[in-house]
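Analysis of the macromolecular model
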Amino acid sequence: MSGNEKPAQPGRTRRLAAAAAVAALEGAALAAWGIAMLAVGILGDPDSPRQAEAGGVTVLALAAMPLAAAYGLWHARRWSRGPVLIIQLVALPVAWTMVQAGGVMIAAGAVLGAAAIAELVLLVHPAATDALGIGRTAEQ
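Here goes a summary of the coordinates provided. A quick note: this is a predicted structure, and the numbers were derived from the prediction, not measured. (Residues numbered from 1 in each chain as written. Predicted model: local features only at pLDDT ≥ 70, side-chain atom pairs only at ≥ 80, totals over all residues. Heavy atoms only, no water.)

**Structural notes on the overall build of the protein chain**
When its secondary structure is counted, the protein chain shows five helices and zero strands. Helices and strands appear in the protein chain in the N-to-C order α-α-α-α-α. A buried classification covers 31% of the 140 residues belonging to the protein chain. Counting contacts in the protein chain only where the partners sit at least 6 residues apart, residues at least 24 apart contribute 65% of the total. Working note: accessible area of the protein chain is about 8600 Å², and carbon and sulfur atoms make up 68% of it. (Helix = DSSP H or I, 4+ residues; strand = E, 2+ residues; numbered from the N terminus. Buried < 20%, exposed > 50% of the residue type's maximum accessible area, 1.4 Å probe, protein only. Contact = heavy atoms within 4.5 Å. Areas by Shrake-Rupley, 256 points an atom, 1.4 Å probe, with all protein chains shown as cover.)

Below, the structure written as structure tokens:
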């Protein structure tokens, strides 16, 4: 290390802030989808109201994971990186399936895929791992 370099200190960086924003947007999108499903189940005329309501509640519960992880990334919590990485790895095949479906799903799949790739790039970068205190040895 040269004389003007400072050792990496844990804390939020622009990279972590961007990763938190992407995770929060994903969580917000899931929450909106869950609310819409729940509304259709309660107010609309779905084929199966019970199934629509259960689906809405399930999607709302799933939205909690990226939202909690976004909070963790924003506050530079080490635990938050793992859930976000898993979410992105699951999102990639979902995005591919959406693109293959055609129509308006192509755009939705492309957005989801781009967000997942951006999030992965943000979180595997050494600056992000340093900011989260991941990969350091006891002597550092």
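**Some thoughts on a nonpolar patch on the surface**
A contiguous nonpolar surface patch, about 350 Å² in accessible area, is contributed by Met65, Ile86, Val90 and Val94. Here the nonpolar patch takes three residues from helix α3 (residues 81–101), the largest share from any one element. One can find Ile86 in helix α3. (Patch = residues over 30% accessible without salt bridge, like charges linked within 9 Å, V, L, I, M, F, W, Y side chains within 5 Å. Salt bridge = Lys/Arg side-chain N within 4 Å of Asp/Glu carboxyl O.)

**As for the packing of aromatic side chains**
Tallied over the entire structure, the rule returns zero aromatic pairs. Here Arg12 stacks its cationic end above the ring of Trp74, 3.8 Å away from the centre of that ring. (Phe/Tyr/Trp six-rings, centres within 6.5 Å; stacked < 30°, edge-to-face > 60°. Lys NZ or Arg CZ within 6 Å of the ring centre and 35° of its normal.)

**Details of α3**
The α-helix winds at 3.6 residues per turn, so residues separated by three or four positions along the chain end up facing the same way. In this model α3 runs 30 Å from its N-terminal to its C-terminal C-alpha over 21 residues, within 8% of the 30 Å that 1.5 Å per residue would give. Looking at α3, one finds that the buried residues are Arg81, Val84, Leu85, Ile87, Gln88, Ala91, Ala95 and Met98. Along its buried surface, α3 packs onto α1 (14–43), α2 (49–74), α4 (104–124) and α5 (126–132). (Expected span 1.5 Å × (residues − 1).)

**Some remarks on the side chain of Glu26**
With respect to the helices, strands and loops of the structure, Glu26 is situated in helix α1. Here Glu26 occupies a buried position and makes no salt bridge, while the nearest side chain of opposite charge, Arg81, is found at 14 Å. Only 2.9 Å separates the side chain of Glu26 from the side chain of Gln88, close enough to count as a polar contact. Setting aside residues up to four positions removed in sequence, Glu26 forms contacts with Ile87, Gln88, Ala115, Ala116 and Glu119. (Lys, Arg positive; Asp, Glu negative; His and termini not counted. Polar contact = N/O pair within 3.5 Å; in protein donor to acceptor, adjacent residues only side chain to side chain.)

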